[in-house]
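Commentary on secondary and tertiary structure
Here are the chains, one letter per residue:
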Amino acid sequence: MPPKRRNHDIIEVENVGMDVDAEPDSDSEEEARRRSRNRRSKSQRKAKQVSEDEDEDEEEEEDEPPRRRGRRKTTKTDEDETPQRRGRGKRTKPQDSDEDEEGDKRRAARKGSKASKKKAAKETSDEESEEEKVGRKKAGRAVSKKEKEEQNKEQKGNVKGKDGENKDKKKKKKMSSSSSSSSSSDSDEESLSEGEIAALKEQVEEKKKLIATLRNKPWRMNKRLSLLKEAQDFVEKFEGALGKGKGRRLYAFKVMMTKKLIKFNRDFENFKTACIPWERKIKEVESHFGSSVASYFLFLRWMYGLNLVLFGFMFGLVVLPEVLMGLPYGSIPRKTVPRDEEDTAMDFSVLFDFGGYCKYSILFYGYYNNDRTIGVLQYRLPLSYLLTSVGVFGYSLLVVIRTMARNANEGGDGGDEGEFIFSWKMFTSWDYLIGNPETADNKYASITTSFKESIVDEQENQKDENIHLRRFLRVFANFLILCSLGGSGYLIYFVVKRSQEFAKMDPKTLTWFENNEVEFVMSLLGLVCPPLFETIAELEDYHPRIALKWQLGRIFALFLGNLYTFLFALFDEVTAKLETEKSIKNATEWALHQYYANYSSFYNTTDVPPPKVAPADVIRGPCWETGVGREFVKLIVSDVQVTYLTILVGDFARAFIVRFLNYCWCWDLEAGFPSYGEFDISGNVLGLVFNQGMIWMGAFYAPGLVGMNVLRLLTSMYYQSWAVMACNVPHERVFKASRSNNFYMGLLLLVLFLSLLPVVYSMMTLAPSFDCGPFSGQEKMYDVVIETIDQDLPAFIGNIFIYASNPGLIMPAILLMILAIYYLNTVSKAYQQANTDLKKKMQMAREDEKNRRNNKDSTNQVMKDLEDLMPDKSLAPPPAEEEKPPEVVIDKSVKPTKTKPGTAEKGVNVQKEVSLAAPNPRRPVTRAPGPRGGPPGNTRSPQPQPGKGRGQGAAPRR
Amino acid sequence: MGNKQTTFTEEQLEAYQVALHGRYRELAPHLVPLDYTNNPDIRVPLSLIVTMPELKENPFRDRIVETFSEDGQGNMSFNDFVDMFSALCETSPRELKTIYAFKIYDYNRDNFICKEDLQKTLNKLTKGELTPEEVTLVCDKAIEEADLDADNKLSFADFENMISKAPDFLSNFHIRI
């Protein structure tokens, strides 16, 4: 083709696209339309070929002039039927060149029939056969490569068209069209070229896409079925034609495998969830009692995991080696019950008090031998004992801090964040998979609970309060609580002082009360103070979640007093024991010395054999470490007893009585006074925290304590979850707990730190007992480490330690750490700031969007307001009355948008903008009925003109 | 790729249909014939459909069945039946699920979820355990959150916008059969 025509051709392409719409003799109007659309989309790159094609068409056109007219008629009708399509293509159509148009039509027609050019007689109309003739003629004339490509394009066009049709949802007609196209494609088989195959592939692809996406369409099944059937028929045919069914089995296998994989993954997830211990129990509790109560159980479970690891350390590195490789029971004095205790050593009362055989068992510090190495493995037990004890603290610190840091990411104090709290709960909380009645009941309960939690939060947000009164009350409440805390602190101090005085006196002259004064006061305080604090906290009227934190903090402070007295008593005991130990040590040394002296003088030899005394008869010191360990163990055991009894009596018996005595009682027990108990979150959490503190402190003196604690946590998990489900009722205001549990963790960290102090103190400063425990014979306990460094490690390591402990090195290190902490702190603050800013921005954007959607209303409102402010308003009372009603209506419609305080500014801005632009166009409309307003306006006109008129550009113009 | 998937889908479809037909027939053996070759026009009433274990515990079971039945009364033909489980299956896309969820929660079928619809939904979800004030509060808040065009009811656009951000809609709006 001559290049000068190129430009024209491109325009022609559009014509072609349009004109195909008018294709009369294709099987249906849709097909033509499809083709046209496809045409248009591909027109640009097809331009060249089309131009060539067109030339041919022009030639053909001369061949058959009579048919043109008739076709033209049909064209018209078809085009009428598809006005929107025509509209798109029409604009560039050069109507004057009738020949061109007709040529295009002809060409299109030929193309439509080209498909059936080989054996179309039974499928096509007479007209088509005529076309066919033409087509064949032309085919014979020009079988160039380009021609072929053109055909392919057409095929593609069919496919594309079908797709488009799908989108248009003109499905019913597709049946016929696709069948025809498939038949025509069938006929094409004989002359398949590469391009055609590609086209077919594409077509099939489309069909396949339809099949794949069919299920995604919200249609009735009937419609889908018919569509699916025809699409499948189509694909089926082409499959045969293209011979592409080879990889089918493999593919089917692949798909099946992916499905199996998905199912396996799902099962695996289920399995993993099933492996989380007590997940179901906790979920059940959560669904009935809310996340606050569940948070206690989560904490308990976490604690159990921690203790399991600690137990692993203690048991694996200390207890087990001693049992396997150490000397057996009865071999040396420290592993034997002394003679005078032997009679009662197996009594239950003694054993229950951890005396007798218990005292001289693997449970306690005193049992361990001070041999530097034991067994064939040359295991350094004393060193391992010390390092494990320190390692327990180190690991606990690490885990607690790591958990806190990780939880901090989850962030929030438990309040819901996000835009759609209630809507999501409403529409997405029910799990449609639930088919089990019990699960369903739990789900109902949990949904109700979560709604209640959110309602509490929401009410808290909506509460408009007298801020001054509230502040005063809060300060007042804190003052009261500080007073009572201080009072109880002083009481504890006073009682402990007194008890020290009593201890110096003869115990027989003291009354029972005087003997047990400390314990009595402590338990009294523990009984009275928490409810008192709770009552005072009512004044503050915090959100229950925050109130719980305050409550926890206050009771924690109270319990610290408890800890203080306990440690104080313990310390007294230790110092007393240290003194007796010193005297006994001196006595034994003196006795030994005497024995040696006597022996050597008697036998006149310096080679003195050790005295032959049965291990049980050896005089021994009090072994203060074992004593301390026993105190801790006893404390834990009694704590467990008290807790379990409290649950049994306070919850179970109470619930039992309330439930069954209610039938024969004079008032309603369930609703009235005793009622059912609520789960005491703060008490239980603090109990757990302090219990753990005891474990940390006691583990050094009694390695068996950790194992006991594991048992305790395990039983209390089952026992408490049973008790809470059986005997308690949910809190009056079910509130959402903080997701992170970080407050509990913070308390735990504090306790951990506090319990670290006495242990490290005793390791570093107190002298170990001379005849029991792994460190006997050492000056200080940590000497084991120094000894090891000196004797067992190469010299340079010892040097390194010496250098490392040099103050010149430690000071810079500490300084560096402080700097690092400062830097990281600053960075985290900056991130936090950025975070809140982003949140604010998102909120703003959302409100903005909301506002934009309501924009008309709000601007109307603004303009109304504006008009109210106009000075002229007062000039014309009658129109003002007319305006009133619409104003009210708009007011109503706008109200629900509820512009929040943040958007107030925006509102102002909008007002400003509008005030610049709006007044002019509005004025004439509202004020048009002029003459009536004239007379009153005249009377008052002087007033507005000088006063407000200056800002109003519009006023003078009127 | 290409057409292979087709055959597979077909096979799958057949398998599904056989299984589903079994389930369908189970509900009303006296109504549903074994032979389905000539597409008999049979509908199983709502009261029978909701006894399926998959639906029995669902608070919205009546609405689900009504929504998917062609007559809107809950009388389901086999096609409706297949339709229902195909829309609720794991692999059906979010858009489709959203459409049907909207229909399910739109009790009065006015193409808007209004306050009455919300109240009904809420009462079914909580078995009516919330006080009327709480119900009103929740409904007001829900509308306030999701209503973008300030017409005091949720249009489909509002609903879609809200649901598209919900984290567990897909996993929860899903029935395995």
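Residues numbered from 1 in each chain as written. Chains lettered and ligands numbered in written order. Predicted model: local features only at pLDDT ≥ 70, side-chain atom pairs only at ≥ 80, totals over all residues. Heavy atoms only, no water.

If you look chain B up in an unreviewed UniProt entry, it shows as Calcium and integrin-binding family member 2 from Fundulus heteroclitus.

1. A short note on the side chain of A:Arg620
All names here are of chain A. To keep it simple, the criterion reads: Helix and strand definitions here come from DSSP, where helices need a minimum of 4 consecutive H or I residues and strands a minimum of 2 consecutive E residues; each element is numbered from the N-terminal end. Under this definition, polar contacts are N or O atom pairs within 3.5 Å; protein pairs additionally need one hydrogen-donor-capable and one acceptor-capable atom, and for neighbouring residues in sequence, both atoms have to be side-chain atoms. Whether two residues are in contact is decided by their heavy atoms, any of which lying within 4.5 Å being enough.
Tracing the sequence through the fold places Arg-620 in the loop between helix H21 (544-603) and helix H22 (624-660). A polar side-chain atom of Arg-620 sits 2.9 Å from the main-chain carbonyl oxygen of Pro-333. Polar side-chain contacts of Arg-620 include one of 2.8 Å to the backbone oxygen of Thr-336. Those residues in contact with Arg-620 that sit more than four places away from it in its chain are Pro-333, Arg-334, Thr-336, Val-337, Pro-338, Tyr-360, Ile-584, Pro-615 and Asp-771.

2. Side note on the UniProt feature "domain: EF-hand" (unreviewed entry) in chain B
Residue and element names in this part refer to chain B. Here is the rule we go by: UniProt positions are given in the numbering used here, feature names are shortened, and annotations may be inferred rather than shown by experiment.
Those residues carrying the UniProt feature "domain: EF-hand" (unreviewed entry) are residues 93-128 and 134-169 in this numbering. The span residues 93-128 is 67% helical and 0% strand by assignment, and the distance between its end C-alpha atoms comes to 32 Å. Secondary structure across residues 134-169 comprises 64% helix and 0% strand; the distance between its end C-alpha atoms is 24 Å.

3. Some thoughts on helix H6 (residues 94-105) of chain B
Rules: Here the expected span of a helix is defined as 1.5 Å times the quantity of residues minus one. Relative accessible area decides the class of each residue, using a 1.4 Å probe on protein chains only: under 20% of the type maximum gives buried, over 50% gives exposed, and in between gives partly exposed.
Counted at 1.5 Å a residue, the expected span for H6(B) with its 12 residues is 16 Å, and the 16 Å between its end C-alpha atoms agrees. The complete set of buried residues in H6(B) reads B:Leu96, B:Lys97, B:Thr98, B:Tyr100, B:Ala101, B:Phe102, B:Ile104 and B:Tyr105.

4. Digging into the nonpolar core
Heads up, the condition is: Here, nonpolar core refers to any group of buried Ala, Val, Leu, Ile, Met, Phe, Trp, Tyr and Cys residues whose side-chain atoms link them within 4.5 Å.
With 101 residues, the main nonpolar core has A:Phe297, A:Phe299, A:Phe632 and A:Phe700 as its most contacted residues. Setting aside anything within four residues of it in sequence, one finds A:Phe632 in contact with A:Phe566, A:Leu570, A:Met694, A:Met697, A:Gly698, A:Tyr701 and A:Leu705. Residues A:Ile455, B:Met52, B:Leu125 and B:Val138 belong to the second largest nonpolar core, which totals 63 residues.

5. A word on the environment of A:Ala616
Residues and elements named next belong to chain A. Within the secondary structure, Ala-616 is located in the loop between H21 and H22. In this structure the C-alpha to C-alpha distance between Ala-616 and Gly-330, which are 286 residues apart in sequence, comes to 7.9 Å. Excluding anything up to four places from it in sequence, Ala-616 contacts Thr-336, Val-337, Pro-338, Arg-339 and Glu-342.

6. Describing the state of the cysteines
The following threshold applies: Here, two cysteine sulfur atoms that lie within 2.5 Å of each other are counted as a disulfide.
Under the criterion given, the structure shown has 1 disulfide over all chains. Among the cysteines around A:Cys666, which has no disulfide bond, A:Cys664 carries the closest sulfur, lying 9.8 Å off.

7. Section: the pattern of salt bridges
All names here are of chain A. Quick reminder of the rule: Salt bridges are identified by distance alone: a Lys or Arg side-chain nitrogen within 4 Å of an Asp or Glu carboxyl oxygen.
Scanning all chains against the criterion turns up 25 salt bridges over all chains. When the shortest N-O distance is used, the salt bridge between Lys-577 and Glu-573 registers 3.3 Å. With Lys-577 and Glu-573 both in helix H21 and 4 residues apart, this pair spans about one turn of that helix. Residue Lys-577 is classed as partly exposed on the basis of its relative accessible area, which comes to 21%.

8. Here we look at the packing of aromatic side chains
The following threshold applies: Classification of ring pairs uses Phe, Tyr and Trp, with its six-membered ring standing for Trp, and accepts pairs whose centres are within 6.5 Å; under 30 degrees between planes counts as stacked, over 60 as edge-to-face, and the remaining range as tilted. Working rule: Lys NZ or Arg CZ, within 6 Å of ring centre, within 35 degrees of ring normal, means a charge sits over the ring.
One pass over the full model with this rule turns up 51 aromatic pairs over all chains. Ring geometry for A:Phe556 versus A:Phe690: centroids 5.3 Å apart, planes at 40°, classification tilted. With A:Phe556 in helix H21 and A:Phe690 in helix H23 (residues 681-698), the pair connects residues that are 134 residues apart, well separated along the chain. The buried category is assigned to A:Phe556, whose relative accessible area is 5%. Residue A:Phe690 is classed as buried on the basis of its relative accessible area of 9%. Over the ring of A:Tyr367 we find A:Lys335; its NZ or CZ atom is 4.6 Å from the centre of that ring. Lying across the ring of B:Tyr107, B:Arg63 places its NZ or CZ 5.5 Å from the centre.

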